[in-house]
Amino acid sequence: MDMTTYLKSLMLAMRQYRDGRTAQNATQLQKLVKEVSGLKCDQLLSSGQVMPRECVRGLVELAGNPDTSPTLTSSVISLLAQLACDDDSLEILNSRYNLTSTLASVVHCRRASPEEPLVLQCLQLLQKLTYNTRVFQSANYIHELVAFLMTNIQSHRDDIIVPCLGLMVNLCRDNRCVQRHIKSLDNVKTFYRTLLDFLDHNSLTVVVFTLSILASLTLNEKVGEKLFDATNIIQTFQLVFNIIVNGDGTLTLKYSVDLLVDLLKNAKIAEYLTRYQHFSACVSKVLGVLQSKDPDSAAKVLELLLAMCSVGGLRPLLCHVVFRPLAAPKLGATGPGQLGGASPGLALVLWLSSPVEGAEACSLQVLQLLNELLEEALEADSVSECVLRFVGGLLPPLLGLLSGLDPSLGDAHLRKHCHRVTHVTSLLLALCAEDSTRSLVSRQVSAQFALSQVEALLSCCHGNSPLACSPGDDLSQVCADALLKTLELMSKLRQQVEDMETSFYRMLQDQRMVTPLSLALTSHHRERVQSGLSLLFEATLIPDFPSLLLGESMAANNAFHMREAELSVKRVAVQEVPPSSTLDCSSRSIHSLVDRIQNGLELQENLKDSHVSQIIDVYEQKLSAFASKESCLQDLLEAKALALSQADRLIAQYLLERAQAEAEACELGSLLKEAERRCEDLQGELANQALEAELSKADIKELLQHNARLQQDSESHQVLKGGYNALLNRFNESERLLKELQAAHVSLTKQSDALRRNHQALQEQHHKTASGLQEKEEEVRGLRSDLQQRDSDIAGLRADLGAQEEKLQEKDREKRDLEETVDVLRKELNKTEQARKEASIKASSLEMKKSQLEARLKQKEDELSKHSSMIAMIHSLSAEAKSDVNLSL
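Residues numbered from 1 in each chain as written. Predicted model: local features only at pLDDT ≥ 70, side-chain atom pairs only at ≥ 80, totals over all residues. Heavy atoms only, no water.

**Thoughts on the environment of L650**
Argument step 1. Positionally, L650 belongs in helix 31 (residues 612–803).
Argument step 2. Residues L650 and R96, 554 residues apart in the sequence, show an inter-C-alpha distance of 8.5 Å. (Helix = DSSP H or I, 4+ residues; strand = E, 2+ residues; numbered from the N terminus.)

**Quick word on the side chain of K293**
Argument step 1. Mapped onto the secondary structure, K293 falls in the loop between helix 17 (279–290) and helix 18 (295–309).
Argument step 2. Nearest to the buried, unbridged K293 among oppositely charged side chains is D294, at 6.8 Å.
Argument step 3. A polar atom in the side chain of K293 sits 2.7 Å from the backbone oxygen of I244.
Argument step 4. Setting aside residues no more than four positions away along its own chain, K293 makes contact with I244, V245, G247, L253, A298 and W351. (Buried < 20%, exposed > 50% of the residue type's maximum accessible area, 1.4 Å probe, protein only. Lys, Arg positive; Asp, Glu negative; His and termini not counted. Salt bridge = Lys/Arg side-chain N within 4 Å of Asp/Glu carboxyl O. Polar contact = N/O pair within 3.5 Å; in protein donor to acceptor, adjacent residues only side chain to side chain. Contact = heavy atoms within 4.5 Å.)

**Describing the nonpolar core**
Argument step 1. Within the largest apolar cluster, 196 residues are counted, with the highest numbers of intra-cluster contacts made by M168, M308 and F323.
Argument step 2. Core analysis: the second largest hydrophobic core is formed by five residues, L773, A839, L864 and I871 among them. (Core = buried A, V, L, I, M, F, W, Y, C linked by side-chain atoms within 4.5 Å.)

**Some words on a nonpolar patch on the surface**
Argument step 1. Judged by side-chain polarity, Y724, L728 and F731 come together as a nonpolar surface patch covering roughly 320 Å² of accessible area.
Argument step 2. As for its placement among the helices and strands, F731 is situated in helix 31. (Patch = residues over 30% accessible without salt bridge, like charges linked within 9 Å, V, L, I, M, F, W, Y side chains within 5 Å. Areas by Shrake-Rupley, 256 points an atom, 1.4 Å probe, with all protein chains shown as cover.)

**Points about the side chain of T522**
Argument step 1. Inspection of the secondary structure assignment puts T522 in the loop between helix 28 (514–521) and helix 29 (526–539).
Argument step 2. With near-sequence residues (within four places) excluded, T522 lies in contact with M554, N557, N558 and H561.

**Here's the deal with helix 17**
Argument step 1. For helix 17, which comprises twelve residues, the first-to-last C-alpha distance of 16 Å matches the rise-based estimate of 16 Å (1.5 Å per residue) to within 8%.
Argument step 2. Turning to helix 17, its buried residues number three or more, namely F279, C282, V283, S284, V286, L287, V289 and L290.
Argument step 3. Close packing links the buried residues of helix 17 with helix 14 (232–246), helix 16 (267–274), helix 18, helix 19 (315–323) and helix 20 (346–352). (Expected span 1.5 Å × (residues − 1).)

**A closer look at the pattern of salt bridges**
Argument step 1. Considering all chains together, one arrives at 24 salt bridges under this definition.
Argument step 2. Here E116 makes a salt bridge to R110, at a shortest N to O gap of 3.8 Å.
Argument step 3. E116 sits in the partly exposed class, given a relative accessible area of 26%.
Argument step 4. Salt bridges sharing partners connect three or more residues here, namely R173, D174, D258, D262, K265, K300 and E303.

**Some remarks on the confidence of the model for the chain**
Argument step 1. Across the chain, the average pLDDT comes to 80, with 86% of residues at 70 or higher.
Argument step 2. Here helix 30 (residues 547–603) stands out as the element of the chain with the lowest mean pLDDT, 58, in contrast to helix 12 (residues 204–218), whose mean of 92 is the highest.
Argument step 3. Within the model, pLDDT remains below 50 along residues 327–342, and this stretch shows 29 contacts once partners closer than five positions in the same chain are excluded.
Argument step 4. Note on residues 571–591: pLDDT is under 50 here. Beyond four places in sequence and across chains, it has 14 contacts. (pLDDT = per-residue confidence, 0-100.)

**Observations regarding the packing of helix 8 (residues 142–153) against helix 9 (residues 158–172)**
Argument step 1. Viewed as axis vectors pointing N to C, helix 8 and helix 9 meet at an angle of 140°, and their least axial separation amounts to 9 Å. Accordingly, the angle class assigned to the pair helix 8 and helix 9 is oblique. Where helix 8 crosses over helix 9, the handedness of that crossing is left-handed. Residues L145, V146, F148, L149, M150, N152 and I153 of helix 8 form the contact with helix 9, whose own contacting residues are I160, I161, C164, L165, L167, M168 and L171. (Axes fitted to C-alpha atoms, helices over the stretch in contact; angles between N-to-C directions. Parallel < 35°, antiparallel > 145°, perpendicular 65-115°, else oblique. Left-handed = near helix turned anticlockwise from the far one by under 90°.)

Here is the structure:
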């Protein structure tokens, strides 16, 4: 279903629920509310359609009814919060449906249980509704809402403190009536102490909310002077700049910027910020992170920079920071031109043509900010080189904003484009105030470019009629402003740009220029009148200027304004008579009292009566009471004027609905006639169909027989299909088994390859071991021959010993040498024995490995056993040789 169908169903469900508040109706209504909440409701209220507004009116009534269940009320408030997605929708919910009072009544009804999720939901929506919106003190349940907020702020419940503080900030900001009401309460001092305790809270959001409330209530009092003195205000500056740079959430950033903007309205605090030593560094960091912000956060930061521009002492500092070039310019791949050596102002220029959705407001704010800063920079005695480089890089993206006008996109696109053109041309006019920058502008702006812009604006403003614009049409005024600003720019550049003067005077001769000029000359704004007069002064020099048409258009505009003023007076006259008469009487009584006091003082000036001061005090109290009554009456006047405007809107809406109903009735009548005509046609067709039905009966019989045959074929087909499915399942199972066997075959092949490689490695080790054993055998044979040689030597020594006893000492020395030789041989035998043991250990390990392989390795085991026996024989022979040596010794 589309949105219209859902809304109709929702209205029907609400009507059924009002007629009978049953559980079934409530469930159905809640289901529809949730379904509508799941749809895209962007700009549904601001679209101007009647049905969405009627649905919202019913939803507001449901939410404000105490008999509505909390679950349904929560769903309704969620849907209303989803509808409040833009500024226009918030304005409609506030002014037309008085949603603020409705939510305040819900909170008041449930004030005994503030921990309920419904109360928190209402507070969050109230905070969204009241942001940057003035709430009248005379509205329903506002005093009760203020009391509820103060009570729960002092309760120290963390889950409800933040929304209560945020809503209290909105109610107190720029609202003298609410501020005066809070100050008149008995527990205001306790409330102040609670707020001062919150300044040490660990949440930056709570601290910012607290400072905002204290600034609204105490800034111009002694408490505020102590709180925001020269020492404490520095910490506030640091807090705000840290939140902007480091980022602590969009909500905290918005309220911290609002806090600093409100503080800058105080001359003393503005002077403190001028003397703040870290101001330039903080602004540089703010500009550095500006590009990474989302459009909402960037808009608040730009709002802060614009507020700083309103302080005379801060404008030069801002110019120095924005236009100051960095040490290493790196703009080649980032922005247009050599923008002031990659100055911190690059972040501002990048927001001009940002493709991010919702960046249009940021673009306009950047244009206003650059206008302010460049005016300040160009007012100096000499324009610095960095400012000229900045302007040179700024002009290409600035002129690029003037293109992109497409009338087919509708009035909203045209209004945005005209606002953008107005701001861009205002900035270009500011640049034309100085010769060096005007020469830069003249190089970029051609006569053909300016002429095409004027022609496009004229075609969008007027269409085919030269007097199509209406003085009461906002779009016409916006287009006229953009058009006149463009003509002013052409006037400034007509001496520097070729053919610009000819194009300028040719456009002034165009009769389509009459309407924009008349709108400017009859406007209530001083700048528009001055702009129109300057162009009129240039146009009067042209002989073909349509002055007669201009006069008639101005007269028509004046008559329109006069008639509009009379109608507005008639609307408000009924409501304003009693309060105005009361105010007049009170003012007359106050003036008469003042005159009496002055006359009495003049008569008693020489008497020095001591009771005069007491009389003055009494009358001062009465005067203050009268002043408070006058302010309350003024508030009542505003509320009644607002109620009257709402009534006018309701009357207009009723007339619109009535006209729509009449149009629908006419349309239904025409549809009824068309239905009767179609009914007659259908009767003729019905007779023809009856004849065709008789003819088709025989066809139906044949079709039935054919259907029976097809049924038999279908059954046989089903049997074949079952067999086919069984065969297909068997085939799939076989294929699966084949894949598993193939995988097993691959794994076994890999294992066989691994075993083969291991077998080859072991065989190589066996060959190495056999060669080692052969070497050891050769060593043993060598040792055996050495032993035999030693034996022969010993026998010779024995014969020599018996023959040469006289040479005993020499023989003893030879004996000692032989003993040392025997020790060496014994060590060598020990080494040989150790090598043999190691060889036997290796041989045993090889035997264990060979037992796990193929049967062919068994022959190797036999050879190893033979080698082992030979080694044992060698060992025994070596042992016998050793015993023989010992015996011989």
